[in-house]
Each structure stands twice: as structure tokens, then as C-alpha cells.
Amino acid sequence: MTGGNRGTLRVAYTSEGFPGGLVRASGELQTNWDELLWAALTVGRPNTAYVFRHNYASYHEALFRLSLVRMALGQRTSGGPLYRTEAFKSLDPTEKGAVSYFLGMAVCKLFASRLLATPWLLHVDVFRDQLDPTVLGGRSRPDLVGQDGRGRWHAFECKGRSSVPNAEDKRKAKEQAQRLLRVNSTNCSLHVGAISYFRQEALVFHWRDPEPEAPEALDPIRINVTGEMWRFHYEPAVPLVVHAERRFLWEARKALDIDVQIHREVLPLLLEGSWAAAHLRARELRNVFAAEGFQADGLRVVAGDSWRTEGQLG
């Protein structure tokens, strides 16, 4: 297997309302399969790996995330945009909605990491014990909360659409992102409404950081993040590395044509379940990790040549 060439994918994007020219108004993100798969694997969502972390379910959770990307997206030309596969288009509406939602979170995480230096994202459902039941039961809340390299917190509402979003879609994303007001004792710096969608079958991304409304008008959400919650970020990846020699995992990874690696500086901490310490160590060494080809969290997903094969759509 070879892989890891930067710039093998392009995702067109538009931006609105970010302060001080933080991101460009429009452009193309030059990325690759490695980065997209890393984002899908570590989006920090509660999952079966958390409930069944000593069972086969944890392996299947990780493989499911990677397989979903392979099922849904492909390229028509090497180095070009991402398109919906025929398999994705043939899903029924409920299935298509679920896949679009997951892709929306993964693509949002990819953009947050690359353009906002925010690689650490957790799903708001991680904080279920802290949230009012009316918040959990409704849809008017952001999906993700992220921490950037300077320790600032940002809220993200992530939507996935099969077609170009309208003004109402953008308004709802904006409102949901604004509801998360404070993490620990710090106000969120950005409240981003993000929408991944398909235009002429190609994947496109739009995000907006709106001007905040008065907190009392938003019924604001406040959460507390502890270091142990970073288990949701790391846990799906760990069994793919620790138990890589198991035959079914080896065969599955060979079929998917991927490799998952964890940097030696954080792997011992993850093996002992020291999630907070792993997060802290990774933040300290993020520049070292980048120089060695790892993501800021100390993980690396390497997609093999089949992911970049021209004309793989079908």
C-alpha cells in the first residue's frame, strides 16, 4: 500500500461572516483521502465502541465509518472533486438522510481542522447527562463542539443535503449553532452553521459564522468538557491498531485498502485509557506530529492507491 499524497481531492466551498478574514469567502480546499477518512473516524460521536469497547462491536464501528465514506463518495478524475456514487444515489430517502448527516459532520470536521486549526471536535450528545431533556428531544441544538490549537471553543451545526441549500436551511443551521453559548467557563468564539451538499453531483461545502443574537433569545446551552471525554475522539481508532493482527480485521482493512496508525507518543496513554493525558500530550506535540505526517491528535489514516484510482465511480 502507498498513499498520503496531499492534494488528491478538491472540495469547493463558500464562507460567510467569519471575523477578520479568518477564512476566504470562497475557494477550493486541497485535501486527500487520508484527511477525510481521519475526520470520519474521529468525529467524536457516541457510538457502539463506547458501549461495547471490549467486544467486536468496537471494531465494526470503526470499519463502518470508513466503509461509509467508500460507499458514498468517489472521483471521476484523479485529483478532482468528490461525487456521489451510484450506491449512494440508490439508497432510500431515510438511508440517504443518515449518510448525508454523517458526511456533513465528517466534512465539517475536515474544514474545521484545516482552515480553523480546530482538530478536536466532540458531538454534543456526549454531554447528554448535562443537557435538559427538552434539548435532547428536539433538533434545535448544534451537533459539534470543537477546540482549536489555542484552547478556544467553537460550536458547529452540521447539515448534509442532496441538493443546494436554500435560505431556510442556512437560517436553521445558524440558529442551532448559536444556541451553544459557553463551554466550561469560556464563551464560544465561533458559532458556525455548516452545510455539505451536492451541486451537479459534486460535493460542495458552505459555512457561516453569524453575528450572535442576545443569549436570552436563544435559550442557550452550556456544557462542561472534561479530559476523559476525549475517549469519544480516540476510541474508534484504537482497536484497528491494537488488534490489527486479528484475521477479520486484517482482511477488512485489506479490502478497504487503508492503514490506521497511532503515534508512539500517545499510543501508551490510549492503551491505558488515559484519554485526558493523550489529549494534552497531543496538543503539546502537534507540530512534531505534523512534521512526521500525523494529524494533530497523533493519528494517521493512510488510504491506498485504490482510493485514488481514476474512474472508481460506478
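Residues numbered from 1 in each chain as written. Predicted model: local features only at pLDDT ≥ 70, side-chain atom pairs only at ≥ 80, totals over all residues. Heavy atoms only, no water.

Asks: When you look at the overall build of the protein chain in this model, what are you seeing that I'm missing?
Replies: In terms of regular secondary structure, the protein chain is built from 13 helices and 14 strands. In the protein chain, buried positions account for 52% of the 314 residues. For the protein chain, the share of sequence-separated contacts (at least 6 apart) that also reach a separation of at least 24 residues comes to 70%. Here the protein chain displays about 13,700 Å² of accessible surface, and carbon together with sulfur accounts for 49% of that area. (Helix = DSSP H or I, 4+ residues; strand = E, 2+ residues; numbered from the N terminus. Buried < 20%, exposed > 50% of the residue type's maximum accessible area, 1.4 Å probe, protein only. Contact = heavy atoms within 4.5 Å. Areas by Shrake-Rupley, 256 points an atom, 1.4 Å probe, with all protein chains shown as cover.)

Asks: Help me out: how do you make sense of the nonpolar core in this one?
Replies: As a rule of thumb, nonpolar side chains are buried together in soluble globular proteins. By size, the foremost hydrophobic cluster in this structure holds 85 residues, and its most contacted members are Trp33, Leu73, Phe156, Phe205 and Trp207. Ranked by residues supplied to this core, first place goes to helix H5 (residues 93–116) with 11 residues. (Core = buried A, V, L, I, M, F, W, Y, C linked by side-chain atoms within 4.5 Å.)

Asks: Would you explain the confidence of the model for the protein chain in this entry?
Replies: Any segment with low pLDDT has predicted coordinates that should not be analysed in fine detail. Mean pLDDT for the protein chain: 84, with 85% of residues reaching 70 or above. Predicted confidence for residues 48–56 stays below pLDDT 50, and this span has 16 contacts to residues more than four positions away or in other chains. Scored below 50 in pLDDT, residues 133–137 shows seven contacts in the model against residues more than four places distant or in partner chains. (pLDDT = per-residue confidence, 0-100.)

Asks: Explain the pairing of strand E7 (residues 153–160) to me, please; I cannot follow it from the model alone.
Replies: Within a regular strand, side chains alternate between the sheet's two faces. Most of E7 sits out of view: eight of its eight residues are buried. Along E7, one buried face is formed by Trp153, Ala155, Glu157 and Lys159 and the opposite face, lined by His154, Phe156, Cys158 and Gly160, is buried too. Two elements, strand E6 (residues 144–147) and E7, share four bridges in a ladder whose sense is antiparallel. Bridge pairing links Gln147 to Trp153 in E7. Where E6 folds back onto E7 in an antiparallel hairpin, the turn is made up of five residues, including Gly151, whose phi is positive at roughly 90°. Relative to strand E10 (residues 190–199), E7 is paired through seven bridges, and the arrangement is parallel. Following the sheet pairing, Lys159 is matched in E10 by Ile195. (Pairing = 2+ DSSP bridges.)

Asks: Just checking my understanding: could you explain the packing of aromatic side chains for this structure?
Replies: Each pair of aromatic rings is reported with the distance of its centres and the angle of its planes. Evaluated as defined, the whole model comprises 10 aromatic pairs. Among the aromatic residues, those joined into a ring-pair cluster are Tyr13, Phe18, Phe111, Phe205 and Trp207. (Phe/Tyr/Trp six-rings, centres within 6.5 Å; stacked < 30°, edge-to-face > 60°.)

Asks: What's the story with the pairing of E10 in this structure? I'm lost.
Replies: With nine of its 10 residues buried, E10 lies for the most part within the structure. Here E10 runs beside strand E11 (residues 202–208); their pairing, made up of seven bridges, is antiparallel. Residue Ala194 lies in a different strand from E11, and its bridge partner there is Trp207. Hairpin connection between E10 and E11: a loop of two residues separates the two successive antiparallel strands, and Gln200 in this loop has a positive phi of roughly 55°.

Asks: I tried to follow unusual backbone geometry on my own but got confused; where do I start?
Replies: For residues other than glycine, phi is negative in most cases, and the peptide bonds are mostly trans. Although it is not a glycine, Gln200 adopts a positive phi angle of roughly 55°. As for its position among the elements, Gln200 is in the loop between E10 and E11. For Gln200, a relative accessible area of 73% gives the class exposed. Phi at Glu201 is positive, roughly 75°, even though this residue is not glycine. Its location among the elements puts Glu201 in the loop between E10 and E11. A relative accessible area of 24% places Glu201 in the partly exposed class.

Asks: Sorry, what's going on with the pattern of salt bridges here?
Replies: For side chains of opposite charge, pairing can occur when their charged atoms come near one another. Inspection of every chain in the model, using the stated rule, returns 14 salt bridges. Note that Glu86 and Lys89 form a salt bridge whose closest N and O atoms lie 2.9 Å from each other. On the criterion of helical spacing, the pair formed by Glu86 and Lys89 is a turn pair, its members being three residues apart in helix H4 (residues 86–89). For Glu86, a relative accessible area of 46% translates into the label partly exposed. The class for Lys89 is partly exposed, based on a relative accessible area of 30%. Connected via shared salt-bridge partners are Arg84, Glu86, Lys89 and Glu201. (Salt bridge = Lys/Arg side-chain N within 4 Å of Asp/Glu carboxyl O.)

Asks: Teacher, can you tell me more about the packing of helix H1 (residues 33–41) against H5 here?
Replies: The packing of two helices is summarised by the inter-axis angle and the distance between the axes. Interhelical geometry of H1 versus H5 gives an angle of 115° and a closest axis separation of 8 Å. Helix-helix and strand crossings are classified by hand; for H1 and H5 the assignment is right-handed. From H1, Glu35, Leu36, Trp38, Ala39 and Ala40 reach across to H5, where they touch Phe102, Ala106, Val107, Lys109, Leu110, Ser113 and Arg114. When grouped by side-chain class, the residues that make up the contact of H1 with H5 number eight nonpolar, one polar and three charged. (Axes fitted to C-alpha atoms, helices over the stretch in contact; angles between N-to-C directions. Left-handed = near helix turned anticlockwise from the far one by under 90°. Nonpolar A, V, L, I, M, F, W, Y, C, P; charged D, E, K, R; others polar.)

Asks: Teacher, can you tell me more about the state of the cysteines here?
Replies: When the sulfur atoms of two cysteines share a covalent bond, that bond is a disulfide. As enumerated under the stated definition, the model contains zero disulfides in all. The thiol of Cys108 is not disulfide-bonded; the next cysteine sulfur, from Cys158, is found 3.5 Å away. Under the relative-accessibility criterion, Cys158 is labelled buried at 1%. (Disulfide = S-S within 2.5 Å.)

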